[in-house]
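Close look at the chain arrangement
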Amino acid sequence: MSQSGSDMMHSPAAVSQAMDDVTIVGGGLVGASLACALSGHGLRLSMVEPFPFATHSSPSYDDRTIALAEGSRRILAGLGLWSAIAEHSTPIKRIHVSDRGRFGTATLSAADQGVEALGHVVPARCIGQALADRLAAMPDLILRAPAVLEDVDVGETEVGLSIHSDGRDMGAATRLVVGADGAHSQVRALLGIGVRRWEYGQSAIIANVSPERDHHGVAYERFTDTGPMALLPMSGGRCALVLTVRDADLDSLMELSDADFARVIERRFGRRLGRMVQVGERLSYPLAYWRAQADVRPRVALIGNAAHTLHPVAGQGFNLGLRDAATLAEVLVDAARAGNDPGSDAVLRRYAAWRRWDQRRTAGFTDGLVRLFSNPLAPAAWARGLGMVAFDLLPPAKGLLSRSAMGLAGRLPRLARGLSL
Ligand SMILES: Cc1cc2nc3c(=O)[nH]c(=O)nc-3n(C[C@H](O)[C@H](O)[C@H](O)COP(=O)(O)OP(=O)(O)OC[C@H]3O[C@@H](n4cnc5c(N)ncnc54)[C@H](O)[C@@H]3O)c2cc1C
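Let me sum up the structure you'll find in this document. In this text, all values refer to a predicted model and were calculated from it rather than measured experimentally. (Residues numbered from 1 in each chain as written. Predicted model: local features only at pLDDT ≥ 70, side-chain atom pairs only at ≥ 80, totals over all residues. Heavy atoms only, no water.)

1. Describing the overall build of the protein chain
Filter applied, for reference: Here a helix means four or more residues in a row that DSSP labels H or I, a strand means two or more in a row labelled E, and each is numbered from the N terminus. Here's how the labels work: a residue is buried when its accessible area is under 20% of the maximum for its type, exposed when over 50%, partly exposed in between, all with a 1.4 Å probe on protein chains only. What makes two residues a contact is simply this: any of their non-hydrogen atoms within 4.5 Å.
Helix and strand counts for the protein chain stand at 11 helices and 20 strands. A buried classification covers 57% of the 421 residues belonging to the protein chain. When contacts within the protein chain are restricted to residue pairs at least 6 apart in sequence, long-range pairs at least 24 apart make up 74% of them.

Structure representation (structure tokens):
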């Protein structure tokens, strides 16, 4: 962090004319959602993103597939984005959980819970496209892309920003900086906010696969001795595969022919859906659990992966980040309506206190799931089997887990309740 904001103002022409109210650093899935939520509420907004939106090259909008919880669908609907996304989505009618080679399975069904779908499966690229189209049409947003945040200088009433864009350095000032810049957050690093990090020694391989039999809208979660895997229902009978593998096995699995890789999936998943007749392009991601030691600092808030990066086994990362964005938007819009400073301590404390429970619960649940199902010892395996059988027989437990899986547990922001901001 630099010592003085004025050091960064290199030339008057390069400095924005007025101070922004909110600067969002990172235009990924979560940061762009926050910008959409804040637009139209009288706030002066800006965004800094290293990738040009027009080329849709952002790593946040790649070929991964997102299992979108019902609460997240409501938030996107409240932002007027769901109609553009819906045509690319596949409803999840049932979730089926099993442990390879052990007794016991557990299921959650939309019909039992009295809802049409437990969630929807959507390619991240389609959510990104809807967000990018909306950002391009927002009159109250200054979009700095491609641009990189280089320094921040937090003062009493404003934050000075040093930004590198178009081959030159420029300065800007804002009342609040939102770090939405992902797992390797520059905002977090510049402010010296520590991060707790667990390495799983695992990577995820994703690919679209076509099984022999129809998935009938079932999302499969399967735990195996080499790590969890998910097969999520997609259009045209395809499934989105998320296969967790040990880091040591990653290269050899990525190098397999499609036919041999299909056999690996069949061995891990079994033949519930028949043979895997086609396997699409494979991509891999290293997996770790990161948790920022604080979500807020004076005039700074962290959201999405910058605050917490989760193992994708439970499909919760974006859903949790979107609830961060919806909650922060609500707190900031309330402050704006009351004529309060969006970067004030009171506003940021409200945000951090509201998000604490959901973040701890969701991160703890996801991490606990990975650890419990990675434990090969017999007592743990028996406990898992018994737990799943008991769970399958207990409607109240299912109701509770369904509400969590649907992103409807705890105190929800207005957008997740289907209300407008
Ligand atoms: C294989 C896989 C499957 C997944 N499946 C699911 C799922 O089913 N359901 C679910 O809810 N979640 C899922 N997730 C998690 C989800 O993808 C992430 O939680 C989500 O993408 C986080 O979005 P974000 O905007 O917080 O961060 P990111 O997507 O990392 O975006 C960060 C943005 O910040 C920008 N940036 C980086 N550095 C800077 C800088 N210095 N200055 C300015 N900008 C910067 C980046 O270019 C990027 O646009 C999955 C993840 C993986 C890896």
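Following the structure, the description resumes.
2. Considerations on the sheet that holds strand S3 (residues 65-69)
Put simply, the rule is: In this description, strands pair whenever DSSP reports at least two bridges between them. Whenever a helix is involved, its axis is fitted only over the stretch in contact; in every case the axis is a line through C-alpha atoms, and angles between N-to-C directions fall within 0 to 180 degrees.
Strand order in the open sheet formed by three strands is S3-S7-S4, and the pairing between neighbours is antiparallel. In this open sheet, the two strands that pair with only one neighbour each are S3 and strand S4 (90-92). The average undirected angle you get between the axes of adjacent strands in this sheet is 30 degrees. Looking at chain direction, S4 and strand S7 (residues 119-123) are connected through three bridges and run antiparallel. Following the sheet pairing, Ile92 is matched in S7 by Gly119.

3. Here's the deal with the pattern of salt bridges
Oppositely charged side chains can form a pair if their charged atoms are brought close together. Test applied: A pairing counts as a salt bridge when a side-chain nitrogen of Lys or Arg comes within 4 Å of a carboxyl oxygen of Asp or Glu.
Counting across every chain of the model gives 19 salt bridges. A salt bridge links Arg175 to Asp21, with the nearest nitrogen and oxygen atoms 3.1 Å apart. Of this pair, Arg175 sits in strand S11 (residues 168-179) while Asp21 is found in strand S1 (residues 20-25), placing the two residues 154 residues apart along the sequence. A residue is classified by how much of its surface remains accessible, and Arg175, at 28% relative accessible area, is partly exposed. Of the charged contacts in the structure, one is a salt bridge between Arg263 and Glu266, with a shortest N-O distance of 3.0 Å. Of this pair, Arg263 and Glu266 both sit in helix H7 (residues 258-269), three residues apart, which is roughly one turn of that helix.

4. Considering the packing of helix H1 (residues 29-38) against helix H8 (residues 317-337)
What counts, and what does not: Roughly parallel means an angle under 35 degrees; roughly antiparallel, over 145; roughly perpendicular, 65 to 115; everything else is oblique. Crossing handedness is read from the near helix: turned anticlockwise from the far helix by less than a right angle, it gives a left-handed crossing, and turned clockwise, a right-handed one. Here the term charged refers only to Asp, Glu, Lys and Arg, the term nonpolar to Ala, Val, Leu, Ile, Met, Phe, Trp, Tyr, Cys and Pro, and the term polar to all other amino acids, Gly among them.
It is at 9 Å that the axes of H1 and H8 come closest, and there the two elements cross at 30 degrees. As summarised for this structure, H1 and H8 are arranged roughly parallel, according to the angle between their axes. The handedness of the crossing between H1 and H8 comes out as right-handed. Note on element contacts: H8 touches H1 through Phe318, Gly321, Leu322, Ala325, Leu328, Ala329, Leu332 and Val333, opposite Leu29, Val30, Ser33, Leu34, Ala37 and Leu38. Here the contact of H1 with H8 is built from residues that sort into 12 nonpolar, two polar and no charged.

5. Some thoughts on the environment of Glu199
Where we set the bar: What qualifies as a polar contact is a pair of N or O atoms within 3.5 Å, subject to a donor-acceptor requirement within protein and to the restriction that residues adjacent in sequence count only when both atoms come from side chains.
Of note, Glu199 is situated in strand S12 (residues 195-211). Exposure remark for Glu199: the relative accessible area of 51% places this residue in the exposed category. Put simply, Glu199 and Leu287 are 88 residues apart on the chain and 7.1 Å apart in space, counted from C-alpha to C-alpha. The residues contacting Glu199, other than those within four sequence positions of it, are Leu287 and Ala288. Reaching out from Glu199, the side chain makes a polar contact with the side chain of Arg197 at a distance of 2.4 Å.

6. Remarks on the packing of aromatic side chains
To describe a pair of aromatic rings, one takes the distance between the centres and the angle between the planes. Convention followed: Any two of the Phe, Tyr and Trp rings considered here, Trp counted by its six-membered ring, make a pair once their centres fall within 6.5 Å; the pair's planes then place it as stacked at under 30 degrees, edge-to-face at over 60, or tilted in between. Cation placement over rings: the criterion is NZ of Lys or CZ of Arg within 6 Å of the ring centroid and within 35° of the ring normal.
By the definition in use, this model includes two aromatic pairs. Relative to Tyr289, the ring of Trp198 has its centre 5.0 Å away and its plane inclined at 15 degrees; by these criteria the two rings are stacked. Linking Trp198 in strand S12 with Tyr289 in strand S17 (residues 283-292), this pair joins segments that are 91 residues apart in sequence. Summarising the aromatic geometry, the rings of Tyr220 and Phe269 are spaced 5.1 Å apart at their centres and angled 80 degrees between planes, so their arrangement reads as edge-to-face. Placement of Tyr220 in strand S13 (residues 218-224) and of Phe269 in helix H7 is noted, with a sequence separation of 49 residues between them. With respect to class, Tyr220 is no different from Phe269; both count as buried. Above the plane of the ring of Phe261 lies Arg282, whose end atom (NZ or CZ) is 4.4 Å from the centre. The ring centre of Trp354 lies 3.8 Å from the NZ or CZ of Arg411, which sits over that ring.

7. Focus: the pairing of S17
In summary, the side chains of a regular strand alternate between the two faces of the sheet. Of all 10 residues in S17, seven are buried; the element is thus mostly enclosed. The sheet contact formed by S12 and S17 spans 10 bridges and is antiparallel. Along S17, the bridge assignment pairs Ser203 with Pro286. In terms of strand pairing, S17 meets strand S20 (residues 308-309) through two bridges, oriented antiparallel. Following the sheet pairing, Trp290 is matched in S20 by Thr309.

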